[in-house]
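Descriptive analysis of the structure
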Number of protein chains: 2
Amino acid sequence: MHSFVSKPIVDTGELLKKSKLKDTQPRRMVLEALAKINMPVSPYGIQKWLLKKNTELNAVTIYRILHAFNSACIVHRHPCSGHFALCTLPEQKGHHGFLHCHSCGLTEEFCSPALCTLEHGIAKKAGFDLENHMNEISGLCKHCKS
Amino acid sequence: MHSFVSKPIVDTGELLKKSKLKDTQPRRMVLEALAKINMPVSPYGIQKWLLKKNTELNAVTIYRILHAFNSACIVHRHPCSGHFALCTLPEQKGHHGFLHCHSCGLTEEFCSPALCTLEHGIAKKAGFDLENHMNEISGLCKHCKS
DNA sequence: ATTGCAAATGCAATATTATTGCATGAACAA
DNA sequence: TTGTTCATGCAATAATATTGCATTTGCAAT
Ligand SMILES: [Mn+2]
Ligand SMILES: [Mn+2]
Ligand SMILES: [Zn+2]
Ligand SMILES: [Zn+2]
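Thresholds, definitions, all that
- Residues numbered from 1 in each chain as written.
- Chains lettered and ligands numbered in written order.
- Predicted model: local features only at pLDDT ≥ 70, side-chain atom pairs only at ≥ 80, totals over all residues.
- Heavy atoms only, no water.
- Near = heavy atom within 4 Å.
- Polar contact = N/O pair within 3.5 Å; in protein donor to acceptor, adjacent residues only side chain to side chain.
- Helix = DSSP H or I, 4+ residues; strand = E, 2+ residues; numbered from the N terminus.
- Salt bridge = Lys/Arg side-chain N within 4 Å of Asp/Glu carboxyl O.
- Buried < 20%, exposed > 50% of the residue type's maximum accessible area, 1.4 Å probe, protein only.

Focus: the protein's contact with DNA strand D
By nearness alone, 19 residues border DNA strand D, and Thr 24, Thr 61 and Arg 64 of chain A together with Asp 23 and Tyr 63 of chain B come closest of all. Atoms of DNA strand D within 4 Å of the protein belong to the sugar or the phosphate in 61% of instances, the rest to bases. Between a phosphate oxygen of DNA strand D and a main-chain N or O atom of Asp 23 of chain B, the distance comes to 2.8 Å. Elements with a minimum of two residues in the surface near DNA strand D: α2 (25-37) and α4 (59-71) of chain A together with α4 (59-71) of chain B.

As structure tokens, then:
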């Protein structure tokens, strides 16, 4: 177990502006929670975190906000856990995947054009038009190996 | 929407024997449901299917059975939906991924050593020991494109 | 066949996650 | 400042998932 969380500096207002979504108080709260928690978290986990900061936010609202953020690609939903996290590679165009350490929970995002291409090929060979794909790798991170 | 479901002939007893899991009535029921439904289905979906056949099975039991089957790799859990389906490529060793048509629900399994290798490389480069990985591709199948 | 044990199941309770419809409120463009 | 559109709150409900414990059952050893 580690606590090597690097604190990302996230300007919530800036993020919202770039995403072209409406800038609202609840959205800023969710963004700030995601930034401060700095690891994948469930919608209700966000709600609990906000409660500890003495702020309340309706769970339905959190679901809807996360859905909007996900559509705008500023957050990702990690399918295996149903948790959400801020995109850490906003500058890298294309498909993003995840690495997850099942020991300490560390989550890392990666961008692999090769992987993207390969999966497009797999889809094509099967007669599919790829519209979306998800890649989640789990294992032991470098810290937990030792 | 199509109904090009190819009926797989599944010998539930045989499957259980090969998996080395205990051969029980509930397990045979779940296997038969999965075989007959022939597409990814939720645990409660299995329960409902069994009910329509006038058989009952406890939901907790279904969860536990699916977990055992998943560990034995005779069924897979599709992370994006939380649904389960029989493995359709039992003879192909290694990692299996999925293609899913969001229009008709058709699901196809694929086995790609190249993809597996690539993801092992991605993990290694990030300092991870890969222990598991999931690949789910969604799009339009060849039937739904036309 | 009988027995004994480990493993599977049923049951009850509870927790967690997710969705829907509708009334109200807030953002922001005009 | 105003008006429209979109977001939020609230209430209800559905769907998914887990836990502990008592009981039953598969199956291996006798
Ligand atoms: Mn990303
Ligand atoms: Mn398979
Ligand atoms: Zn770790
Ligand atoms: Zn289709």
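From this point on, the discussion continues.
Section: the pattern of salt bridges
Counted by the stated rule, this structure contains six salt bridges over all chains. Two residues, Lys 36 of chain A and Glu 32 of chain A, come together in a salt bridge whose shortest N-O distance is 3.0 Å. Placement of both Lys 36 of chain A and Glu 32 of chain A in helix α2 is noted, with a separation of four residues, approximately one turn of the helix. A residue is classified by how much of its surface remains accessible, and Glu 32 of chain A, at 37% relative accessible area, is partly exposed. A salt bridge links Asp 129 of chain A to Lys 145 of chain B; the shortest N-O distance between them is 3.4 Å. Pair noted here: Asp 129 of chain A is in strand β5 (residues 129-140) and Lys 145 of chain B is in helix α6 (residues 142-145), and the two residues belong to different chains.

Overview of the protein's contact with DNA strand C
Of all residues adjacent to DNA strand C, which total 20 residues, the nearest are Tyr 63 and Arg 77 of chain A together with Thr 24, Thr 61 and Arg 64 of chain B. Of everything in DNA strand C that lies within 4 Å of the protein, sugar and phosphate atoms constitute 60%. Measuring from a phosphate oxygen of DNA strand C, one finds a side-chain N or O atom of Arg 77 of chain A at 2.9 Å. Contacts to DNA strand C include Lys 22 of chain B, whose side-chain N or O atom sits 3.2 Å from a sugar or linking oxygen. The set of elements that each furnish at least two residues to the surface near DNA strand C consists of α3 (43-52) and α4 of chain A together with α2 (25-37) and α4 of chain B.

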